[in-house]
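Residue-level structure breakdown
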Amino acid sequence: MKLGEHPVWRCAHLTGQAMLDGIERQRGQLFLWLPVFFALGIGAWFQLGGEPGWGSYLWVTLVALGAVWRLRGCLRAGDSRQSPVWIALLCVTCAFLNTGLRAHLVAEPVLGFRYYGAVEGRIVGIDRSASDVPRLTLDQVVLENVSPARTPTRVRVSLHGDQHWMTPEPGLRVTLTANIAPPEGPIEPGGFDFQRMAWFDGLGAVGYTRTPVLRAQSQIDPSPTLWLHRARIALSRYIRAQIDGQAGAFAAAILSGDRSGILEPTEVALRGANLSHLLAISGLHMGLLTGAVFTSLRLLLNLIPPLALRINTKKTAAAGALGVGFFYLALSGWNVATERAFVMVAVMFCAILLDRRAISLRAVAIAALIILIWRPEVLGEPGFQMSFAATTALVFIFAQLRDFGVMRHLPRLLAVPLTVILSSAIAGLATAPVAAAHFNRIADFGLLANIVAVPVMGTVIMPCAVLAALLAPLGLSWIAFGIMTPALSWILAVAGFVSGIDGAVTHVAQPPAQVLPLIALGAIFTVLWVGRARQLGVIVMMAGFVLWARAERPDVLISPDGRLVGVLGTKGRALSKPTGQGFAAQNWLENDGDGAPQTAANARPALVHKTGEVRFALNGIRFAQVSGRNAQQRAAALCAQVDVVILALEAAAPGPCLWLDSDALSRLGALSVSQDGSGVRIITAREWSGARMWNTASWQPWRAIATIHKPTAPQDGLLSGLLGGVAHAQEGRVPQILQDRPIRMDLAYLLSQP
């Protein structure tokens, strides 16, 4: 039988032809898929288990060149059926290479140890930390007795205690005594990776100070970028001087981007009502502001007959609104959310200038493609995902309603409120899975809050902001702020009322890593594909939700420093400490879908508490966490009684137990432990994240990229690398417990890495 006649070959051939026929029917829609395939290439780069070497980049480059060669051949031969396949492959490979290039271009030194001492630097950022205290970002950093080559380019320090000695100003050089350390990795395997975010933000160390921050120089750096930052702070202070209380802080946040005045209770209320998106200068703010400018400018030009008869007022107003949007972007600090919003409105206004449809899926695709090329790391951020999910859903649904003529036959007085309600509902449904996956909560009454609050933003607050800017040179901005104040108070009152309703927030567990990509790809396929096959997208989405519903959380979680342990029991996760390690505790409980406070979780019965000691057992394996005075001696005595000892100190293993001291945990990161057959399986955060440049302390941008491969399957039984590196570094012998109750640990080789 010839190869071409083999049933398997014929089936593959027919399947391929069917796929090409389906692609052929997508003519006119194929451009919309470019950012999708570009995102696949970015995701592939971030999902690598180790840093790709130059050889890997060379192979990807060769594949890209091969795709270009095949595409050129298809175009020459007039074969339009296969060209989309090669364009898709080219997008994936180019995105992979672009992401690697971006990661190397932003590389800056990362502090390799904990540091306590004098820190000097220039203020380039002022905001508030998660613990609701002021926080400074410094560049041009100088650390005592640390060489410039090892000194981070940027450091972020939270200010605790009395800091009335000095008012922070962008460009001001300050000195302080701080406790700083390298950015920490995930607080659990698969959790939010702050190290990766800090790498792309250029942060080489984070920490805190409890001593006063003092001026190191009297003069302020006059550079243009810092001038804009100072203008933003000055605008924020001006607004807060015109509007008192949290209403003024809220106005400063939405108009200038300065959120340092927003207190934690206000932020919690906005989050519980699903109105926290109003704080970030994003698509809503940029769209409302530029829309107000566009409408006002066009109306003003139309009222002047000599101008209206000689120029295209629509295009002139679009150019003016685009300029205002760019200035707003610069003034607000060039943050990612505002950049994304500006790109989207810029595409819209450029479409007006080019006589194209301003609002379309093509405009959304162009904006997504520009952002992913410029900053590929934003793909995994909730702001990017929620913004484009809401925009895509709104454009698609309203296009369908327009094509079917649904809104055309409604009375205008009914169409306007219905559009507002429908827009809020569509955006809320589109962003709900993303918000639930990233923030582990669903605001059950968020639709109600948005319906009564968002229209006030568009009809009162943003037009008043434009009016205030026009009246400010005349000293009459107080008129606009006076009109704006009740509207701001209304939004805060709505947030407080809605978030205070019983059952206003439903907590949900963290989904597996593959859930959001499945839901996103299914939704995109449903929206973009032409033909009956789009129903497959719904099936893919449902598969993602089913995986989410069946997700299981780890039985035990151990923090990266070993100071906190959480054990999942019948009443939820029990925590080893009632206070302290609050960031890890809060995130563990939220990822479990548990809204209990840390003190309540500590009182749960899954742990046995003794003075300076916490014990628990899982599947026959006995664990003990030791802390407090004489912790090392007591842990050494426990090593003969239990199977695993967790100690937040560095000490040699004294006996036949698995010894997880601070040295081992610093290399492994946070641990999760789950039941596995007759024993337990331990997964490390380092295993999950892989050995990447942002979590490898010895990595330097000028050195060759180290290639560390991730095993494709977990290693069963004895792992001599782990036990030799942690439990028995001196003796190298096998603990007896592993012969009786197997403990599985993947990526044990990480302990042997420098």
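Here is a short report on the structure shown in this document. Just so we're clear, the structure is a prediction, and the values are computed from it rather than from any experiment.

**Here we look at the sheet that holds strand β12 (residues 608-610)**
An order of β12-β13-β14-β15-β16 is seen for the 5 strands of this open sheet, with the pairing classed as mixed. Where the open sheet ends on each side, the last strands, each with one partner, are β12 and β16 (658-660). Averaged over all pairs of adjacent strands, the angle between their axes in this sheet comes to 20°, without regard to strand direction. Two elements, strand β14 (residues 621-626) and strand β15 (residues 644-647), share 4 bridges in a ladder whose sense is parallel. Within the sheet, the bridge partner assigned to Val-626 lies in β15 and is Leu-647.

**What to know about the pattern of salt bridges**
In this structure the tally under the stated criterion is 20 salt bridges. Here Arg-615 and Glu-613 are joined by a salt bridge, their closest N and O atoms 2.4 Å apart. We classify Arg-615 as partly exposed; its relative accessible area is 23%. A relative accessible area of 11% means that Glu-613 is categorised as buried. Within the structure, one salt-bridge network assembled from shared partners comprises Glu-188, Arg-553, Arg-573 and Asp-592.

**Remarks on a nonpolar patch on the surface**
Together, Leu-299, Leu-300, Leu-303, Ile-304, Leu-307 and Ile-311 line one region of the surface with nonpolar side chains, adding up to about 530 Å² of accessible area. Relative to the elements of secondary structure, Leu-303 occurs in the loop between α9 (283-302) and α10 (305-308). What makes Leu-303 exposed here is its relative accessible area of 62%.

**Considering the nonpolar core**
Residues Phe-250, Leu-275, Met-484 and Leu-488 are the most contacted members of the largest nonpolar core, which totals 54 residues. Counting only elements with at least two residues in this core, the list comes to α7 (245-256), α8 (264-272), α9, α11 (313-331), α12 (336-353), α16 (446-471) and α17 (477-499). Aside from chain neighbours lying at most four places away, what touches Met-484 is Ile-243, Ala-251, Leu-255, Ile-461, Cys-464 and Ala-465. Of all hydrophobic cores here, the second largest spans 42 residues; its members include Ala-368, Leu-369, Val-395 and Val-527.

**A look at the packing of aromatic side chains**
Under the definition given, this model contains 17 aromatic pairs. With a centroid separation of 5.9 Å and an interplanar angle of 55°, the aromatic rings of Trp-45 and Trp-694 are classed as tilted. A residue pair is termed long-range when its members are at least 10 positions apart, and Trp-45 in helix α2 (residues 34-46) and Trp-694 in the loop between α24 (685-689) and α25 (720-727) qualify at 649 residues. Residue Trp-45 shares its accessibility class with Trp-694, and that shared class is buried. Seen from the ring of Trp-45, Arg-692 lies directly overhead, with NZ or CZ sitting 4.3 Å from the centre.

**A look at unusual backbone geometry**
Here the phi dihedral of Asp-355 falls at roughly 60°; this positive angle occurs in a residue that is not glycine. Notably, Asn-440 is not glycine yet its phi reads approximately 60°, a positive angle. Positionally, Asn-440 belongs in the loop between α15 (412-439) and β7 (441-443).

**Concerning the state of the cysteines**
Disulfides are covalent bonds that connect the sulfur atoms of two cysteines. If you walk through the whole model with that rule in mind, you get 1 disulfide. Lacking any disulfide linkage, Cys-91 is separated from the closest cysteine sulfur, that of Cys-94, by 7.0 Å. Look at Cys-94 and you get partly exposed, because its relative accessible area is 34%.

**Let's talk about the environment of Gly-677**
Structurally, Gly-677 can be placed in the loop between β17 (671-676) and β18 (679-684). Classification of Gly-677 by relative accessible area gives exposed; the value is 67%.

**Some words on α17**
The first and last C-alpha atoms of α17 sit 33 Å apart over 23 residues, in line with the 33 Å expected at 1.5 Å per residue. The largest bend in α17 amounts to roughly 30° and is located at Met-484, with the proline Pro-486 lying one to four residues further along. Along α17, the residues that are buried comprise Ser-477, Ala-480, Phe-481, Met-484, Ala-487, Leu-488, Ile-491, Leu-492, Val-494, Ala-495 and Val-498. Elements that come into contact with the buried residues of α17 comprise α6 (224-242), α7, α8 and α16.

Scoring rules and cut-offs
- Residues numbered from 1 in each chain as written.
- Predicted model: local features only at pLDDT ≥ 70, side-chain atom pairs only at ≥ 80, totals over all residues.
- Heavy atoms only, no water.
- Pairing = 2+ DSSP bridges.
- Helix = DSSP H or I, 4+ residues; strand = E, 2+ residues; numbered from the N terminus.
- Axes fitted to C-alpha atoms, helices over the stretch in contact; angles between N-to-C directions.
- Salt bridge = Lys/Arg side-chain N within 4 Å of Asp/Glu carboxyl O.
- Buried < 20%, exposed > 50% of the residue type's maximum accessible area, 1.4 Å probe, protein only.
- Patch = residues over 30% accessible without salt bridge, like charges linked within 9 Å, V, L, I, M, F, W, Y side chains within 5 Å.
- Areas by Shrake-Rupley, 256 points an atom, 1.4 Å probe, with all protein chains shown as cover.
- Core = buried A, V, L, I, M, F, W, Y, C linked by side-chain atoms within 4.5 Å.
- Contact = heavy atoms within 4.5 Å.
- Phe/Tyr/Trp six-rings, centres within 6.5 Å; stacked < 30°, edge-to-face > 60°.
- Lys NZ or Arg CZ within 6 Å of the ring centre and 35° of its normal.
- Disulfide = S-S within 2.5 Å.
- Expected span 1.5 Å × (residues − 1).
- Bend = angle between axes of the 7 residues up to and from the residue.

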